[in-house]
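Here are the chains, one letter per residue:
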Amino acid sequence: MELNKIENILEKYFQGETSIAEENELRDYFSSSNVAQHLKQYQPIFGYFSQVKQQKSTHKLEDLDQTDKAIPLQTKKQNVGWLSIAASVVVLLGIGTYFYTSEKNTTPVVAQSELGTYDNPEKAFAETQKALALLSNNVNVGIESVQYIKEYEQSKNKIFKQ
């Protein structure tokens, strides 16, 4: 009867459904000397728990000399502090580099009042003529496009009589 009970508890143990009391029963059973032959393979698993429970530290605080008592502890906060400082330095270097290179690449800004003014009236007249000629060429291209559209309309009207 007890062997069947142990086998049932063992099966529940491997499915993760045992209580602490049932696990203690298994530990007691496997730590005893009368373990069934077909269950001996599980004895090291439960034997480990009893061995660990019996182990105790042999060192006492009084036995240690003064140098062992003063063990410096390193905390993770120091590492996090240095990490945040390093990250902020990298960010500042990146921002500085961005502004340094962007100032070199930009052309100097001309004041609003200086745009389109010439000291020499002849030069101003020549520049105005160039600008108007460019505008005229673009307008002429637009007019030619309108003439193509008129021809298209005439052809369409011939084909599709309305």
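In this text the structure is predicted, and so the values were computed from the model without any measurement.

### Thoughts on helix α2 (residues 20–31)
Stage number 1. Helix length check: α2 (12 residues) gives 16 Å between terminal C-alpha atoms against 16 Å at 1.5 Å per residue, within 8%.
Stage number 2. When we look at burial in α2, the residues that qualify are Glu22, Leu26, Tyr29 and Phe30. Looking straight down α2, one finds that the buried residues subtend no more than 90° of arc, so they occupy a single side. Residues of α2 that are exposed and point over 90 degrees away from its buried face: Ile20, Ala21 and Asp28.

### Observations regarding the packing of helix α1 (residues 2–14) against α2
Two quantities define a packed helix pair, namely the angle between the axes and the distance from one axis to the other.
Stage number 1. Where α1 meets α2, the closest approach of the two axes is 10 Å, and the angle between their N-to-C directions is 120°. By the criterion of interaxial angle, the relationship of α1 to α2 is oblique. The chirality of how α1 crosses α2 is left-handed. Facing α1, whose interface residues are Glu2, Leu3, Lys5, Ile6, Ile9, Leu10, Lys12 and Tyr13, α2 presents Glu22, Glu23, Glu25, Leu26, Tyr29 and Phe30.
Stage number 2. Partitioning the contact of α1 with α2 into residue classes produces 8 nonpolar, no polar and 6 charged.

### A look at the pattern of salt bridges
Stage number 1. Under the definition given, this model contains 4 salt bridges.
Stage number 2. The shortest N-O distance in the salt bridge between Lys130 and Glu127 comes to 3.3 Å. Of this pair, Lys130 and Glu127 both sit in helix α6 (residues 121–159), 3 residues apart, which is roughly one turn of that helix.
Stage number 3. The partly exposed category is assigned to Glu127, whose relative accessible area is 28%.
Stage number 4. The partner of Lys156 in a salt bridge is Glu153, with the nearest N and O atoms 3.8 Å apart. Taken together, the residues Lys156 and Glu153, both in helix α6 and 3 residues apart, mark about one turn of the helix.
Stage number 5. Overall, the relative accessible area of 27% leaves Lys156 in the partly exposed class.
Stage number 6. Judged by its relative accessible area of 34%, Glu153 is partly exposed.

Rules behind the numbers
- Residues numbered from 1 in each chain as written.
- Predicted model: local features only at pLDDT ≥ 70, side-chain atom pairs only at ≥ 80, totals over all residues.
- Heavy atoms only, no water.
- Helix = DSSP H or I, 4+ residues; strand = E, 2+ residues; numbered from the N terminus.
- Expected span 1.5 Å × (residues − 1).
- Buried < 20%, exposed > 50% of the residue type's maximum accessible area, 1.4 Å probe, protein only.
- Arc of directions from axis to C-beta.
- Axes fitted to C-alpha atoms, helices over the stretch in contact; angles between N-to-C directions.
- Parallel < 35°, antiparallel > 145°, perpendicular 65-115°, else oblique.
- Left-handed = near helix turned anticlockwise from the far one by under 90°.
- Contact = heavy atoms within 4.5 Å.
- Nonpolar A, V, L, I, M, F, W, Y, C, P; charged D, E, K, R; others polar.
- Salt bridge = Lys/Arg side-chain N within 4 Å of Asp/Glu carboxyl O.

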